[in-house]
Every structure is written in C-alpha cells, then in structure tokens.
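Inside the fold
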Amino acid sequence: MAHDSSSAEPQPVSLKALRLRPGLALQTQGVGAGASKEEAQFLAAIESKGVMVGPHSSGAKSTMQAGAEYLVRGFTGQHDFSFKAKVIQIFEHPFAYALLAYPSAVNARLVRRALRLKTSRPAKISLYGQSKPLDVTLIDVSNCGSMVHSPTPLGAIGEVLSLSLSIEFEGDSADLTIPATICHSNKAEQGDGVHVGLAFKPTSKSDKLLLHFLAQSSND
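Position numbers for residues start from 1 in each chain and track the written sequence from start to end. Whole-chain, interface and lining totals are the exception, using all residues; otherwise, since this is a predicted model, local features are given only for residues with pLDDT of at least 70 and side-chain atom pairs are given and counted only at 80 or more. Based on all heavy atoms of the structure, the side-chain values leave hydrogens and waters out of the count.

**A short note on the packing of aromatic side chains**
Heads up, the rule is: Pairing of aromatic rings covers Phe, Tyr and the six-membered ring of Trp, with a centre-to-centre limit of 6.5 Å; geometry is then stacked below 30 degrees between planes, edge-to-face above 60, and tilted otherwise.
Evaluation of the coordinates by the stated rule reveals 2 aromatic pairs. When the centroid spacing of 4.8 Å and the interplanar angle of 15° are considered together, the rings of Phe91 and Tyr97 count as stacked. Measuring from ring centre to ring centre gives 5.2 Å for Phe95 and Tyr97, while their planes differ by 40°; the resulting arrangement is tilted. An aromatic cluster is built from Phe91, Phe95 and Tyr97, whose rings are joined through pairwise contacts.

**Description of unusual backbone geometry**
Just so we agree on the cut-off: Helix and strand definitions follow DSSP, with helices as H or I runs of at least four residues and strands as E runs of at least two, each counted in order from the N terminus. Accessible area is worked out with a 1.4 Å probe on protein chains only. A residue is then buried under 20% of its type maximum, exposed over 50%, and partly exposed in between.
Cis geometry is adopted by the peptide bond preceding Pro94, which originates at His93 and carries an omega value of 5°. Take Pro94: it is sitting in the loop between β6 (79-91) and β7 (97-100). Not every positive phi belongs to a glycine, and Arg19 is a case in point at roughly 50°. Here Arg19 falls in the exposed class, since its relative accessible area comes to 73%. Even without a glycine there, the phi angle at Ser48 is positive, about 70°. As for its position among the elements, Ser48 is in the loop between β3 (37-46) and β4 (50-55). With a relative accessible area of 61%, Ser48 lands in the exposed category.

**Details of the nonpolar core**
Our working rule: Among buried residues, those of type Ala, Val, Leu, Ile, Met, Phe, Trp, Tyr and Cys that are joined through side-chain atoms within 4.5 Å constitute a nonpolar core. Every residue pair with non-hydrogen atoms within 4.5 Å of one another is taken to be in contact.
Core analysis: the biggest nonpolar cluster contains 24 residues, and Ile125, Leu138, Leu154, Leu161, Leu163, Leu165 and Leu198 have the highest contact counts within it. Elements supplying a minimum of two residues to this core: β9 (117-126), β10 (134-141), β12 (160-169), β13 (172-187), β14 (194-200) and α1 (205-219). With 5 residues, the single largest contributor to this core is β13. For Leu154, the contacting residues outside a window of four places in its chain are Ile125, Leu127, Leu134, Val148, Glu159, Leu161, Ile182 and Val196.

**Quick look at the environment of Pro179**
Within the fold, Pro179 resides in strand β13. Note: C-alpha distance between Pro179 and Leu138 (41 residues apart in sequence) is 15 Å. Setting aside its immediate chain neighbours within four residues, Pro179 contacts Val160, Leu161, Ser162, Ala199, Phe200, Lys201 and Thr203.

**Overview of the pattern of salt bridges**
To keep things clear, this is the line we draw: A pairing counts as a salt bridge when a side-chain nitrogen of Lys or Arg comes within 4 Å of a carboxyl oxygen of Asp or Glu.
Tallied over the entire structure, the rule returns 3 salt bridges. Residue Asp135 pairs with Lys124 through a salt bridge whose shortest N-O separation is 2.5 Å. Of this pair, Asp135 sits in strand β10 while Lys124 sits in strand β9; the two residues are 11 residues apart in sequence, bridging distant segments of the chain. Owing to a relative accessible area of 39%, Lys124 belongs among the partly exposed residues under this scheme.

**A look at the side chain of Thr181**
Along the polypeptide, Thr181 turns up in strand β13. Other than its neighbours up to four places away in sequence, Thr181 contacts Gly158, Glu159, Val160, Gly197, Leu198, Ala199 and Lys201.

**Overview of the environment of His184**
By the secondary structure assignment, His184 is in strand β13. Put simply, His184 and Val196 are 12 residues apart on the chain and 5.8 Å apart in space, counted from C-alpha to C-alpha. Excluding its chain neighbours within four sequence positions, the residues that come into contact with His184 are Met147, Ile157, His195, Val196 and Gly197.

**Considering the confidence of the model for the chain**
In plain terms, the rule: Each residue gets a pLDDT score, which is the predictor's confidence in that residue and runs from 0 to 100.
This prediction gives the chain a mean pLDDT of 84; 90% of its residues lie at or above 70. When the criterion is pLDDT under 50, residues 1-7 qualifies, and its contacts beyond four places in sequence or with other chains add up to 24 contacts.

So this is what it looks like as structure tokens:
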C-alpha cells in the first residue's frame, strides 16, 4: 500500500466539502438487483437543489431514468465517495444530463493523504542489481509518491528501487535521487508499457523539501 494512502472507514460528509470538478469521472448503478454499472461524469451541483450528471462521452444520451434511484461512485484524487439519489428529471437540451436530488450526505473515505497532481517529467529508475538506469516518465506526483510510466515492469510489489530526476529549484538545477517502494503495477490503458505506483522513502530533509517543491511546481 502506498505511504500516502489510508484505510480509514467511510465518513459522512457534505457533497460541497469534496469540491468536485466538472468532468470528474463517475460510475452510476441503479438501485436494484441486476442493475448494470455505467460510466458518467460530474457536471455541476447546486447546493440543496440538485446534481447534474452527464454521460461519459460527449454527444451521448443519458442512460439514467427519471424517478429511478441510483448509487453514484467516484474518486476525487484523495477520497473515494458514494451516495444514493433519485433522478428528478432528464434533459436533452442544450446538452444531455440527468438532474439528481442533492444528497443530504456523502460517504467518503480518505485513501490518499496527499493529492497526486498530473505531470509529465522524465526520470530514471535504477533497479538494484542492474547497472543501467531505465528511462521512465512521471505521470502524477505528490510529496509522498508518484505514478510512473515504464516501458517494462519494474519489479514485484514491495520491492525497493531508486528514482532520479532533475528539478529546477530557485533558478538552479537540483538532482533528486530517492528510494521508492513499488505499490502496484498495471498495464497502461493506452499504448504500450506499464503504470507503476511508487511510495517515496525520503532519507533527508533536503529530499523532503525537493519533493514538496516538485509537487507544488506540478500544481502550478
């Protein structure tokens, strides 16, 4: 498990507290036996009024039915969340979306203490026992961990390796080399290679400072 993850139990929170962004991927499922899961996206919410949920693909029609109740799930980047709501009305114009009743509370579970931010940075991975570093790309990063795209698998879960990259810090180039533990590895959804989740193991205050700067600069 990544060091920036948590196994906390779900807690009731307000939908507003999650600060959902338009376009956030959702999964909807009708409440009832045999209901299928459908991909959707969050469009907007008006507190105490309703939640606008659109189809996953632009130009598609909503598969949700007016009057039916649905379980809605999503992931903010830090929290897994879910709530149940009835569909108030279906709209086709000016675009397709379903208007759901605004939930009184949402079940949310903190799974990542530090929000990982998308980035695209070249880096190198040094595997223990191998002399030649492997070129990889950071695709998201926080001060606790990162996801990297690698042309080949990097090792087994729990294995420790070394990640190296250069960071522009206060006008100068700083080289960061940090131990990291493999948390998970999956085939890339698009193209070749694998996506590997890493948990950083900073060994000094300077490492922690550079990681914090790296995460902040990715946010900018």
